[in-house]
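As a plain string of letters, each chain reads:
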Amino acid sequence: MLFGKDKGAVQFQSESSFYGASERERMLSRLDAAFLGIQYEHRQYLWDGRENKHGVEDGSDCRYALDMPRRHERVPCVQTKLAGTIVRRFTDMLFGVKRRPAVESDGDKDGTAWLRRAFEMSCAWEELTKARDNGGAMGTPVVLVRLKDGKLRMDALNPRNCRPKWKDRKVLELESVEEVYLFLDEEENPETGARDLVERYYRRIVDCEKDRIWRAVDKPKGTGMPKWGAPDETHEHGLGVCPVMWGQNEDVDETIDGRSDFDGQLPNIEQLDFVESECTDSIIHNLDATLVLTETSAAEAGVVRTGHYNTLCLPKAGAAASFLEVSGAAIKAGDDRSAKLRSQILEACQCVLVDPKDLPGMGQGRDALEAVYRPMLSRCDRMREQYGKLVRRVAELMVMLVRKADEAGEETDVLTETRDVGGEPTRVVLSPPEKDWTCRLSWPRYFEPTSGDKSQETAAAGTAVRDGVVSQRTAVQSIASMWGIEDVDAEIEAIQEDQAAAQAGLMEDGMDAAGDEEFPEDDELPGEGEEPLEDEPAEPEA
């Protein structure tokens, strides 16, 4: 964890966190740093050759290196942070507010309502979003579900700080997880009264029966780990299974960690930052044009001042002055190379980043957008399979924890929902799904429909019902997500009530119109009082 640009924070991030770390943890730390955009902070020099003071102003000038350091020793002056952009874009496509799945108990409306409320009260989607960011950056999402003080809670754990012990490695079923990491804490110095930064260790072990947390201890001198005593807190959940879920961003059998969203692209992202930094540096240094004097010497010219308020006097006839300005050819080549590198990185990651200025020419409607984003959506579909397993497991553990607490007589939060009962809003107590329930996820489409999409698909559904191709329920179900319909049966009932009311209104209007028709005052029927017509004689047959 970094606290801004505090002195020593960068050294802590790049070196201290590696004390006792395995090769896996070091690799994940590099990926995490790229996601956070701090992968260059440990370097000794800035891009212009000055010593990297990490933003600390101590009154002394930053010294320049005697010779310009090599690129990999310098902090780029322009950092695209493309790794973080890619990860957050995929996270938005998976767990955005309108893209996250609906968690349902198959065939159980009350159970579905309880699950929806439990996810809301435990802030599950916020933590799942953090876990997805971790998975996109390091390849592994890790989440913990727990019940504390009768309340469901969920925590996203950083995989680089977790050391798993497996019950079944093939299906990623855990026996226990140890979470250990260094963090920076503030402590008041009794001598000076200043707030000093102190490195401390945090430790937590979660297994199939208990959740144990140790009090934070100061990091010992050297590279050793501290000596741990008894845990400071112990919570017994008694589930018989570890309430920590370990997933993979994209399935990899050879390692316990999956592939990150920008897998294999860190060298290219670094090259992109180098090109952007060189182009920017060149432009800045060439904005102030270089004065060139011909047919004269520096001694003859003396002190030369340029600018709007200065006059340049040449010492002799035939001398001339001009400005040497950059042509921009090298910068143009750098910009082209930068655009090419960026395109190659995004293509390798199957990430689509569309310039808003290009959207009008890409067609209108949801289908047109899905065609543009098709390479990205194909990868998102695979990720939905991976993270769908994680979401279902979270829902199952929530139900297990609440049932276990109820069996033990422990109090848990009562989840309620306001419903329309007899035309009055009534608060109803919800119950978790019944035993042997099945968790089902309903993923929405990636893009919201436009008004044209709604009109077109609704008209098509109505035509299919009138032609007898599909039932009314199938038609409503096909457009339910488009119109935000959660209960299809209730919507069909409302439609039928509206149709019956409209039919009754038409009949009432017809009766009113018939009652308002005027008849003759006498009671004669049409034709009464007229002479009957005589039958015409039939023509003789030929």
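The model shown is predicted, which means the values in this text are computed figures rather than measured ones. (Residues numbered from 1 in each chain as written. Predicted model: local features only at pLDDT ≥ 70, side-chain atom pairs only at ≥ 80, totals over all residues. Heavy atoms only, no water.)

Put simply, the largest pocket is a space of about 1500 Å³. Around the largest pocket, the lining comprises 44 residues; the ones closest to its centre are A102, E104, R116, I485 and E486. Where the lining of the largest pocket is concerned, the elements lending two or more residues are β3 (102-105), α4 (109-121), α5 (124-138), β15 (416-421), β17 (439-442), α12 (472-478), α13 (480-483) and α14 (488-515). Here the lining of the largest pocket is composed, by residue class, of 17 nonpolar, eight polar and 19 charged. (1 Å grid on protein atoms, 1.4 Å probe; cavity = no way out; pocket = protein on both sides within 12 Å on 5 of 7 lines; lining within 4 Å. Points joined across faces, edges and corners; volume = space filled by probe spheres on them. Helix = DSSP H or I, 4+ residues; strand = E, 2+ residues; numbered from the N terminus. Nonpolar A, V, L, I, M, F, W, Y, C, P; charged D, E, K, R; others polar.)

A surface patch of nonpolar side chains, amounting to about 220 Å² of accessible area, comprises V465, V469 and V470. V470 sits in the partly exposed class, given a relative accessible area of 31%. (Patch = residues over 30% accessible without salt bridge, like charges linked within 9 Å, V, L, I, M, F, W, Y side chains within 5 Å. Areas by Shrake-Rupley, 256 points an atom, 1.4 Å probe, with all protein chains shown as cover. Salt bridge = Lys/Arg side-chain N within 4 Å of Asp/Glu carboxyl O. Buried < 20%, exposed > 50% of the residue type's maximum accessible area, 1.4 Å probe, protein only.)

It is worth spelling out the sheet that holds strand β4 (residues 142-148) at this point. Strand order in the open sheet made by the three strands is β5-β4-β12, with antiparallel pairing throughout. Every interior strand has two partners, whereas the edge strands, β5 (151-157) and β12 (244-246), have only one. Here the average twist between neighbouring strands, direction ignored, is 20°. By the bridge criterion, seven bridges tie β4 to β5 in an arrangement that is antiparallel. Among the inter-strand pairings, V143 is bridged to a residue of β5, identified as A156. (Pairing = 2+ DSSP bridges. Axes fitted to C-alpha atoms, helices over the stretch in contact; angles between N-to-C directions.)

Here the focus is the side chain of T140. Note on placement: T140 falls in the loop between α5 and β4. At 2.5 Å, the side chain of T140 forms a polar contact with the side chain of D257. Here T140 is in contact with N134, G135, P159, W246, G247, I256, D257 and G258, once residues within four sequence places are set aside. (Polar contact = N/O pair within 3.5 Å; in protein donor to acceptor, adjacent residues only side chain to side chain. Contact = heavy atoms within 4.5 Å.)

Attention shifts here to the pairing of β15. Relative to strand β16 (residues 424-429), β15 runs antiparallel, the two being bridged by six bridges. Paired with T416 across the strands is V429, a residue of β16.

Take the pattern of salt bridges next. Applying the stated rule across the entire model yields 38 salt bridges. Across the salt bridge formed by E187 and R200, the nearest N and O atoms sit 2.7 Å from each other. Separated by 13 residues along the polypeptide, E187 in strand β7 (residues 173-188) and R200 in strand β8 (residues 195-207) bring together distant segments of the chain. When its relative accessible area of 11% is taken as the criterion, R200 is described as buried. Among the salt bridges present, the one from E417 reaches R419, with a minimum N-O distance of 2.9 Å. Judged by relative accessible area, E417 falls into the partly exposed class, the value being 23%. The network of salt bridges with shared partners includes K109, R473, D487 and D489.

Moving on, we get to the packing of α5 against helix α10 (residues 374-407). At their nearest, the axes of α5 and α10 sit 12 Å apart, and the two run at 140° to each other. If you check the angle between α5 and α10, you find them oblique. Considering only the axes of α5 and α10, their crossing is right-handed. Two secondary-structure elements touch here, α5 through A124, W125, L128, R132, G135 and G136 and α10 through M383, Y387, L390, V391 and M398. Looking at side-chain class alone, the contact of α5 with α10 contains eight nonpolar, two polar and one charged residues. (Parallel < 35°, antiparallel > 145°, perpendicular 65-115°, else oblique. Left-handed = near helix turned anticlockwise from the far one by under 90°.)

With that settled, the discussion passes to unusual backbone geometry. Of all residues except glycine, most have a negative phi; of all peptide bonds, most are trans. At L172, a residue that is not glycine, the phi angle is positive and equals roughly 60°. Mapped onto the elements of the fold, L172 is located in the loop between β6 (162-168) and β7. Exposure remark for L172: the relative accessible area of 18% places this residue in the buried category. Notably, Q350 is not glycine yet its phi reads approximately 55°, a positive angle. Position of Q350 relative to the elements: it lies in the loop between α8 (329-349) and α9 (366-372).

These values are about where atoms sit, not about what they do.
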